[in-house]
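Examining the three-dimensional arrangement
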2 protein chains.
Amino acid sequence: MTDVAREVGVTAKTVSRVLNDEGPVAVETRERVLAAVTKLGYRPNLMARNMRVGARDATVGLVVPELGNPFYGTVAGGVEGAVRPRGLTLIVGSSGETAGHEQSLIATFLARRVSALIVVPAAAGDHRHLRSERVAGLPIVFLDRPAVGLTADCVVSANRDGARAGVSHLIAHGHRRIGFVGDLPAALYTRRERLQGYRDALDLAGLPFERALVETGHDPEAAGRATMRLLALADPPTALFAGNNLASMGVVVALSRAGRKDVALVGFDDLPLAEALDPPLTVVAQDPAAVGAAAAELALSRLDGDRSRARRTLVPTRLITRGSGELPPRT
Amino acid sequence: MTDVAREVGVTAKTVSRVLNDEGPVAVETRERVLAAVTKLGYRPNLMARNMRVGARDATVGLVVPELGNPFYGTVAGGVEGAVRPRGLTLIVGSSGETAGHEQSLIATFLARRVSALIVVPAAAGDHRHLRSERVAGLPIVFLDRPAVGLTADCVVSANRDGARAGVSHLIAHGHRRIGFVGDLPAALYTRRERLQGYRDALDLAGLPFERALVETGHDPEAAGRATMRLLALADPPTALFAGNNLASMGVVVALSRAGRKDVALVGFDDLPLAEALDPPLTVVAQDPAAVGAAAAELALSRLDGDRSRARRTLVPTRLITRGSGELPPRT
DNA sequence: TTGTAAGCGTTATCAT
DNA sequence: ATGATAACGCTTACAA
């Protein structure tokens, strides 16, 4: 900046004024400064600017369990799309579902003086350590799962409603015995909410809840085994509800291997090839981009001074019927 | 930092020494500083540190077409995993395959003084504007596709070899007429390389190349239509090769809708549910995490002073046989 | 073992 | 309409 100033024969402050459209600058000076800027290939240094101006970096820190998971990748895209128009840049890290990694990422982001923090909590995390930042006014939004040990903003899918809708759909197609292949047991929140939605649907239909029909599969393989256990019951379910995308994949693969095309299935979370499956997969789709965008908007409103109490935003899900959820019960 | 210093009764410099394990510090001073740090909840300001120390921010900027695409999400995860051990943080942006967005993201990253830049070029981009940064010594690595108008480092999948292997696999299973459903025409590089691999395989087997068997589908729907056109030919192919993941999805859906389980298929890029399809999908799998990690390693070696000339790194692909590619030709 | 002074690249404040 | 000076939070170089 000094170089540009010298080139033009003015002071750094004048260059600064031109670059920020601030205060009165003579038209001619302005032009000469701009010319010198391109001539010298000068680029303003955002680090220095942010440090001087707000003491905050113009970034939003995002912590996700795993960037390669399309759900979180899309969430990240949603966050980025929402913050970029505000001139904020996204910085991300993967926690690998490990509380320790999550904490060290958060510490790095805080040291960088991010303007806001958006966190998908790792399974066994604890967020009491963020209390001081919260009272200091840093916008912190939890995404997909609520914080542990901290009252804070949170944006989640309508897990319970969505699961209820999915299971009710199966019931509407005549099913009376419906198996539940669930989430990571550690990711307590989503499993609990979705299982609750499952029970809501049974209750609404006056159907009994049977513990034997509830299984856990924390990855595709485990979900596949869970599926086979359910089908081997003396009085097996005629339909299955899969509690997340990994579980859905496991159930689909297991059914396909077993050659069972007569078992109805609704999955929570959409899958890329759902339509190409046989039968095509009916799902309760989340809207990850909308979840990310909503979290970012909430963070931005906090940044704009909204000091109202912490709120939980529910992002609606959508039932997409494709075939597997409309199969009639095997007679 | 001054507050901490005052609390202990020393100078900022001493606090700095403690925090950076630099120079000799009395054990007792050290302990009192550390105590004051936790007592006051002090966090070092990385912005200020980076600015003073290297004039470079301890970040790596990554530009991808679309974060929600699992391929690029996984690439981003690979980059992050490789740079984090070096104390570098990942900042990302999506170009949406738009040259303009790509340029403005890059400009932002440069203004932030990233330590290295990794770019998946948007389809119609041009990278001459980066020449000055390159000569200034900024590590710039292009990923998945080479730069346009700039000699620079580049990490790509072994597109040509992979496609040749996939098509040769079909030939080995008796196919003589193999359709190619290709990539975005705009993403010239990958389409060209993979089509070249397709031709290599035909040449090796002494089979003729027929223009009529080469179709383009830039998204699943277009790929589906392309598939139907190929199958409607007077002398239709008995096998198809899909040039990327979106094309694969389109072909799979089209074949499934048409009830054609007799057409052999090999796709470039693996898909989450490939195994659950009927028949399970044989693919030439890329390794997106390895591509990301390789690009990061290359950037880091440049950062460490490697001034050798620009190189192109090929990351091997792997043929995963699952069924669809082993179907015999329809008689 | 610790301190002092200066400076990284900006902008805020107050003058001129 | 422009400039001078100080300051943001830290580290480097040199002293003490």
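Residues numbered from 1 in each chain as written. Chains lettered and ligands numbered in written order. Predicted model: local features only at pLDDT ≥ 70, side-chain atom pairs only at ≥ 80, totals over all residues. Heavy atoms only, no water.

1. Concerning the sheet that holds strand E10 (residues 282-285) of chain B
All names here are of chain B. Across the sheet, which stays open at both edges, the six strands sit in the order E7-E6-E8-E9-E10-E12 with mixed pairing between neighbours. The open sheet has two edge strands, strand E7 (214-216) and strand E12 (318-320), and neither has a second partner. Along the sheet, successive strands turn relative to each other by an average axial angle of 20°, direction set aside. Here helix H9 (residues 188-205) sits on the sheet and contacts strand E6 (178-182), E7 and strand E9 (264-268); the angle it forms with E6, its principal contact strand, is near 175°. (Pairing = 2+ DSSP bridges. Helix = DSSP H or I, 4+ residues; strand = E, 2+ residues; numbered from the N terminus. Axes fitted to C-alpha atoms, helices over the stretch in contact; angles between N-to-C directions. Contact = heavy atoms within 4.5 Å.)

2. A closer look at the layout of surface pockets
Approximately 1,300 Å³ is the volume attributed to the largest pocket. Surrounding the largest pocket, 37 residues form its lining, Pro70 and Pro272 of chain A together with Gly68, Pro70 and Pro272 of chain B being those nearest its centre. Going through the elements one at a time, helix H5 (70-83), helix H11 (245-258) and strand E12 (318-320) of chain A together with helix H5 (70-83) and helix H11 (245-257) of chain B are the ones with two or more residues in the lining of the largest pocket. Of the residues in the lining of the largest pocket, the class split is 19 nonpolar, eleven polar and seven charged. Of the pockets and cavities examined, the second largest pocket occupies roughly 800 Å³. Mapped by element, the contributors of at least two residues to the lining of the second largest pocket are helix H2 (12-19), helix H3 (27-40) and helix H4 (46-53) of chain A together with helix H7 (131-135) of chain B. (1 Å grid on protein atoms, 1.4 Å probe; cavity = no way out; pocket = protein on both sides within 12 Å on 5 of 7 lines; lining within 4 Å. Points joined across faces, edges and corners; volume = space filled by probe spheres on them. Nonpolar A, V, L, I, M, F, W, Y, C, P; charged D, E, K, R; others polar.)

3. Quick word on the protein's contact with DNA strand C
As a matter of local geometry, DNA strand C sits amid 23 residues, with Ser16 of chain A together with Thr14, Arg17, Thr29 and Arg52 of chain B nearest to it. Restricting attention to atoms of DNA strand C within 4 Å of the protein, one finds that 56% of them are sugar or phosphate atoms. The side chain of Arg17 of chain B places a nitrogen or oxygen atom 2.6 Å from a base oxygen of DNA strand C. Between DNA strand C and the protein, one listed contact pairs a base nitrogen with a side-chain N or O atom of Arg52 of chain B at 2.7 Å. Counting residues per element, the ones that place at least two in the surface near DNA strand C are H2 and H4 of chain A together with helix H2 (12-19) and helix H4 (46-53) of chain B. Of all the elements, H4 of chain A adds the most residues to the surface near DNA strand C, at four residues. Residues belonging to the surface near DNA strand C are distributed by class as follows: ten nonpolar, six polar and seven charged. (Near = heavy atom within 4 Å. Polar contact = N/O pair within 3.5 Å; in protein donor to acceptor, adjacent residues only side chain to side chain.)

Limitation: the analysis is restricted to geometry and does not speak to function.
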